[in-house]
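# Residue-level structure breakdown
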4 protein chains.
Amino acid sequence: MDKTHVRVGIVGISGYSGIETARLVAAHPVLSLAAAVSDKWAGARVGDHLPVGGAAADVVVVRQADAAMTFAGLGIVFLCTPAEVSIALAPVALEAGCRVVDLSGGFRLAPELYPRWYGFTHPNAALLATACYSMPECGASGSVRDARLVSNPGCFATVATLGALALLRAGVVEPAGLIIDAASGTTGAGKKASEDFSFSEVDGDFRAYRVLKHQHTPEIERALSLAGHGAGHVTFTSHLLPVRRGILATVYGRLRAGKTGADAAAAMTAFVAGKPFLRATKPDAVRLQAVVGTNRVLLGADADPERGVAIAFAAIDNLVKGAAGQAVQNANLMLGLAETIGLDGLPGSAP
Amino acid sequence: MDKTHVRVGIVGISGYSGIETARLVAAHPVLSLAAAVSDKWAGARVGDHLPVGGAAADVVVVRQADAAMTFAGLGIVFLCTPAEVSIALAPVALEAGCRVVDLSGGFRLAPELYPRWYGFTHPNAALLATACYSMPECGASGSVRDARLVSNPGCFATVATLGALALLRAGVVEPAGLIIDAASGTTGAGKKASEDFSFSEVDGDFRAYRVLKHQHTPEIERALSLAGHGAGHVTFTSHLLPVRRGILATVYGRLRAGKTGADAAAAMTAFVAGKPFLRATKPDAVRLQAVVGTNRVLLGADADPERGVAIAFAAIDNLVKGAAGQAVQNANLMLGLAETIGLDGLPGSAP
Amino acid sequence: MDKTHVRVGIVGISGYSGIETARLVAAHPVLSLAAAVSDKWAGARVGDHLPVGGAAADVVVVRQADAAMTFAGLGIVFLCTPAEVSIALAPVALEAGCRVVDLSGGFRLAPELYPRWYGFTHPNAALLATACYSMPECGASGSVRDARLVSNPGCFATVATLGALALLRAGVVEPAGLIIDAASGTTGAGKKASEDFSFSEVDGDFRAYRVLKHQHTPEIERALSLAGHGAGHVTFTSHLLPVRRGILATVYGRLRAGKTGADAAAAMTAFVAGKPFLRATKPDAVRLQAVVGTNRVLLGADADPERGVAIAFAAIDNLVKGAAGQAVQNANLMLGLAETIGLDGLPGSAP
Amino acid sequence: MDKTHVRVGIVGISGYSGIETARLVAAHPVLSLAAAVSDKWAGARVGDHLPVGGAAADVVVVRQADAAMTFAGLGIVFLCTPAEVSIALAPVALEAGCRVVDLSGGFRLAPELYPRWYGFTHPNAALLATACYSMPECGASGSVRDARLVSNPGCFATVATLGALALLRAGVVEPAGLIIDAASGTTGAGKKASEDFSFSEVDGDFRAYRVLKHQHTPEIERALSLAGHGAGHVTFTSHLLPVRRGILATVYGRLRAGKTGADAAAAMTAFVAGKPFLRATKPDAVRLQAVVGTNRVLLGADADPERGVAIAFAAIDNLVKGAAGQAVQNANLMLGLAETIGLDGLPGSAP
């Protein structure tokens, strides 16, 4: 594949992760938007809805039923669609000769986990078996460089795994008994009409949701396992924040005998070395404003030997590192490009 | 009618203005909740959804189709429903011997204005002709004490009229050329699923809506006219704020020759005298936090003779003085009670 | 002491907990505001700053240096002041014959804990030994009815203890290894100028603070111990939410063998029985909007036997149940009144 | 001056406009950060505080008292400082051979206006007379290409002038009687400790400030005059929004006889033609989320002949088009570069 100019398509371009993928592609020196799919925007030009310039602005959005017609000649198709749609469209895009990055949960877990956590039996276990699950800083289930279908991690799984991995890898905490308490902005729920996600109900509020039933729980367990530091079961709780973007994960682990807060901080510093999107800082400096709009991950850790606990914090933008940014990072790896291309100049928007 | 114990019903109790009416009734020494109507909550007890105690908690909510069955024996029915529903149910409640306070726009305008501003021909002009439109501090279209059907003003009309009236009444501004620029919290749009009112779309945003087409424009004109200071046409613009409750109106008028900022401030001070819910203050102290949760109206005014303009500010809680609170205030007047009963102990919630 | 009319004073009336105490006193049928202290508002009438009516509005605020002059004839003094100020003023108020409710941390812990957690040596251990620490639903260190000096619990300690106690008491979780993850609104930090708490820095953000160093950690341990279910050390983390009011605590405990989610939920239901301000509900219904403006506590619990963890949620308004409301509740108990007097009619302000 | 590589300095880099300027310079292909001044960050590396890479990260921040030492060899100095500081430092930078873009109000008005609107007598009227005030889409007081000192417009003046100019230029409205009602996010007030701008006071609130006294009023009058469509006096009111970034201006003008809403919309469409950062859309699509993070200006207009009023809306990001972005745009013009260089790839951050 040509490494200097790759035409891409985005299915589900009118959702938050689709919009974000389009923005990142527009600013990418190698990728260029050549096809866009969305029932909601069908018939309009991409430039009618998004502030992109050049040829991308003139791409006409087609309906999902016509998605296959747009796939010819694309190097990569980003599926920014619900799991069921991704499962249906991935084989169509592959058949057309495209490589696929799927941002949904459609190809993230072992098939036997789908009924419990996603509520359906996976209809294409054969394709699922070929999917390469890739969280670049943690590991992958195969060779991303060679993969035809890459399964992009979920936002909670990304922040939780990145928050926990350093302490596990350095032996600061016991593998068992990890607790991950996360809080997410509202864009994680998608762009849709919902009374529960209305401004009147969310502003001034904070609450947990899908308690002990969140489908990212087994994904965190898988990601840690792929990284070689599987902890068996983890406990994961998600809360809804009155912010638009960003997730903060607070990770609690059982401190190993003799380990200290300094060991926890040192583990984090060692973990981020050589990983361009990761940065270690003090625990109370790990905050959403510092990562929103970027592909960065802020990390911090401390421990309390008296209480036998280590604590780690991780912050990401759920739409960038938690979705579109990591998808482009994976696309870079698929193409043999540096993983930071198109992602290191994002200026962020804080405050 | 007994002035010490009046049984009331609330139709549309599951919406924001219905919920607020229920709260105020629960804290009212004379009114008691005896009937509740809502398709959404049908079959549940009021206490399952709202933190009210006593007998009100045990009132069972019935479907709208069964509303008529609940009206027998009620002194007052509050219609917290869309205009079309109010127009259909008001005669039913009146027929059952109840008096009615309608919080919708169903009985606020002259019949000929409905097609343009509400988009439908009013189906019951005869009943409309009997409705008493009442904004207590400004005036009414008849005797509230004797009215069977009281039309409760809209939130924007309340804040705009109260903001403009003092300057008109004192002759500080010309009657013509009034401009009213208002900004409202999201609960004004009701409790419903809507992408436009989702947290992700509203937070961090500010925009106008229904520009030059808002149905409260003719209502402001009517309220000013009833107050004896009609200004002919006014220009009214509404904006959507990323807050849940509250409306601030900024009123611009053409300063009469020889008038000053001191005249504008004095007009406001004179206007609030003897009106228990109104308070005059400095223009930059007229703010939402100071009124949210209460039936109060904060008012302030100044003028710039060099530019020939007077400016006034008014702030209310859209769900209290702009809806449920004013409805209870009107109910107090209907019953011959002091208008402040049940409304002066509201502690507010600022900050 | 007369139980039908008790004159009270509020020291620190211009802060958030002072303002809230004044509001609750204004709506209380027995307590009446007779003295107010604040350097910031000194010389003004209470009614110039707060929407209270009657005689309370005419109380003139005096400087803190003159506080002692106002104490004569007061039944109860509420100290809404920093710990150091409370420690200095409590003996002055007691000397004047008043009973005292202190809302600060000045009398909450054993003296030997002050250097580590508050950063100073307690200067009045003798008085500290006489203080009655009282969290009404959990227990007290003495007889509240007879106490001269009541130490009112901190907001985090209140929500954390109430969240954890049911599971401990019912034997659903092991006493050891409790983790409490809390998120608080900004009013918990007080009314002051601070770049860290500016809107520009807090909006859209979420982060932890005082990680592993929060002074409410030993207070939670003390409160659980007083309740007879001390767990030894607990791990407590606080986060800053972009909301004004409210705290949500998420409590993780190690599930005892054989226990289930149903056991956790049943423990919560049993715990709230007979406690008028507590209510048990589903975990994802425990939210800030449902408690803000009230003295209520919402509680919920579940468990995951596969992961060996129980989880509980508790929500309060940090300024009401977490400060002024619990202070009035304690004052009611000191006076032999029903604990709900003046607190059960609060209408809340949600949404 | 070399057009391919220009070293720049930023004075006041730790404030919001300084931080934003640093971000934009970091992403600019021609400009490179070579000096940074701030008392707050003095001694640190720029990379310790901002997510910039490359050589910029290693620039050591110096104290303001040492600013002069950093000016040697810089092509352009951006003064992101209060007016008084800019007035003092601009001659120093010019003396050192630098060209200057001043983001403060220090060089925006005629000298006789400073006492009334800024509260001080301008101490350097000679230098003020040489300053080139430049709002690129509207006009400039001299040749930007040749200017040594460019005065960058204020945020309110930018959005108000851009909102009003099209209607004036096309003769849709009378020149007299313009009213501009604006609402701004909190970053416009700067990065500082302030109780008035604390989250607890701003969230859920909306109020006007500096009513009839705002120093941008005469600047709007000057900018319109420079554009050849001076309207004499305008009335300008600013409100504080509970958002971090963005300003929306609502402009009211007196509609000329025979003009319609279509004329107003057409005027806007004509106005934006050929101006790369301006875009015309429907009035209710002019919103903050669509411009935040970018240098774009959204514009819309309509009119009501019955009420004799035209209305226009304009939205900008106060830190980009209202400050740092326009400063870089002016720097591009000073250097003879295309005005969009370094500014057209900003991805924004909505939602």
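This structure is a prediction, so every number in the text was calculated from the model and none was measured. (Residues numbered from 1 in each chain as written. Chains lettered and ligands numbered in written order. Predicted model: local features only at pLDDT ≥ 70, side-chain atom pairs only at ≥ 80, totals over all residues. Heavy atoms only, no water.)

Here we come to the interface of chain C and chain D. On the side of chain D, 20 residues touch chain C, which itself brings 20 residues to the contact. Summed over both partners, the interface of chain C with chain D buries about 1,700 Å², with 48% contributed by carbon and sulfur atoms. A per-residue breakdown of the area chain C buries against chain D is headed by Glu195, Phe199 and Arg244 of chain C, which together make up 40% of the total. Where chain C packs against chain D, one counts eight salt bridges. (Contact = heavy atoms within 4.5 Å. Buried area = accessible area lost by both parts, 1.4 Å probe. Salt bridge = Lys/Arg side-chain N within 4 Å of Asp/Glu carboxyl O.)

Residues and elements named next belong to chain C. Taken in spatial order, the seven strands of this open sheet run β10-β11-β9-β12-β15-β14-β13, and their pairing is mixed. Single-partner strands in this sheet number two, and they are β10 (207–209) and β13 (278–280). Each adjacent strand pair in this sheet contributes to an overall mean axis angle of 25 degrees, direction not counted. Here eight bridges tie strand β12 (residues 247–254) to strand β15 (residues 309–316), and the two strands are oriented antiparallel to one another. Residue alanine 249 lies in a different strand from β15, and its bridge partner there is alanine 314. (Pairing = 2+ DSSP bridges. Helix = DSSP H or I, 4+ residues; strand = E, 2+ residues; numbered from the N terminus. Axes fitted to C-alpha atoms, helices over the stretch in contact; angles between N-to-C directions.)

This part takes up the pattern of salt bridges. Scanning all chains against the criterion turns up 74 salt bridges over all chains. Glutamate 201 of chain A is the salt-bridge partner of arginine 287 of chain C, the closest N and O atoms lying 3.3 Å from each other. Here arginine 287 of chain C is found in the loop between β13 and β14 (297–304), whereas its partner glutamate 201 of chain A is found in helix α9 (residues 199–202) on a different chain. Classification of arginine 287 of chain C by relative accessible area gives buried; the value is 18%. Its relative accessible area of 9% is what places glutamate 201 of chain A among the buried residues. (Buried < 20%, exposed > 50% of the residue type's maximum accessible area, 1.4 Å probe, protein only.)

At the interface, 48 residues of chain A touch 48 residues of chain C. Taken over both partners, the interface formed by chain A and chain C buries close to 3,900 Å², and the fraction arising from carbon and sulfur atoms is 55%. When the area that chain A buries against chain C is broken down by residue, the three leading residues are Phe206, Leu212 and Arg307 of chain A, summing to 16%. The interface formed by chain A and chain C holds eight salt bridges in total. Across the contact surface, chain A and chain C share 31 residue pairs in polar contact (both at pLDDT 80 or more). The residue makeup of the side of chain A that touches chain C, split by class, is 24 nonpolar, nine polar and 15 charged. (Polar contact = N/O pair within 3.5 Å; in protein donor to acceptor, adjacent residues only side chain to side chain. Nonpolar A, V, L, I, M, F, W, Y, C, P; charged D, E, K, R; others polar.)

The second copy of the chain is related to the first by a rotation about an axis and a shift along the axis. Expressed as a screw transformation, the operator carrying chain A onto chain C has a rotation angle of 180 degrees and an axial translation of 0.0 Å, and the superposed copies differ by an RMSD of 0.0 Å. When the rotation and shift are considered jointly, the pair of chain copies conforms to a two-fold rotation axis. Scanning chain A for the C-alpha nearest the rotation axis identifies proline 242 of chain A, at a separation of 3.4 Å. Mapped onto chain C, 100% of the interface residues of chain A are again interface residues, and the two copies thus contact each other with one and the same surface. (Least-squares fit on C-alpha atoms with pLDDT ≥ 70 in both.)

To continue, consider unusual backbone geometry. We note that leucine 212 of chain C has phi near 65 degrees; this positive angle belongs to a residue other than glycine. Along the chain, the position of leucine 212 of chain C falls in the loop between β10 and α9 (216–226). Classification of leucine 212 of chain C by relative accessible area gives buried; the value is 13%. Non-glycine residue arginine 210 of chain D carries a positive phi angle of around 45 degrees. Relative to the assigned elements, arginine 210 of chain D resides in the loop between β10 (207–209) and α9 (216–226). Of the residues examined, arginine 210 of chain D reaches a relative accessible area of 41% and is grouped as partly exposed.

What follows is about the environment of alanine 57 of chain A. Residue and element names in this part refer to chain A. In this fold, alanine 57 is placed in helix α3 (residues 54–57). Sequence spacing of alanine 57 and glycine 188 is 131 residues, and the spatial spacing of their C-alpha atoms is 26 Å. If near-sequence neighbours (up to four positions away) are discounted, alanine 57 is found in contact with Arg45, Val46, Gly47 and Val52.

This part takes up the relation of the copies chain C and chain D. Each copy superposes on the other: chain C lies on chain D with an RMSD of 0.0 Å after a rotation of 180 degrees and an axial shift of 0.0 Å. A symmetric contact is evident, with 100% of the interface residues of chain C recurring at the interface of chain D.

Attention now goes to the confidence of the model for chain A. Caution applies to low-pLDDT parts of the model: their predicted coordinates are not meant to be read in detail. Residues of chain A with pLDDT of at least 70 account for 97%, and the chain-wide mean is 94. Among the prediction metrics, the complex's ipTM stands at 0.95, with pTM recorded as 0.96. (pLDDT = per-residue confidence, 0-100.)

All names here are of chain D. For α9, the tally of buried residues reaches eight of eleven residues, placing the bulk of the element in the interior. All of the buried residues in α9 are His216, Thr217, Pro218, Glu219, Ile220, Glu221, Ala223 and Leu224. Glycine 228 occupies a position one or two residues after α9 and carries a positive phi of about 85 degrees.

Residues and elements named next belong to chain A. What the seven strands build is an open sheet, ordered β10-β11-β9-β12-β15-β14-β13; its pairing is mixed. If you trace the sheet from one side to the other, it starts and ends with β10 (207–209) and β13 (278–280), each paired once. Each strand of the sheet is rotated relative to its neighbour by a mean of 25 degrees, with strand direction disregarded. For strand β9 (residues 179–184) and strand β12 (residues 247–254), the ladder comprises six bridges, and the chain directions are antiparallel. When the sheet's bridge partners are listed, isoleucine 179 is paired in β12 with tyrosine 252. In this fold helix α11 (residues 261–272) packs onto β13, β14 (297–304) and β15 (309–316), with an angle of close to 160 degrees to the strand it touches most, β14.

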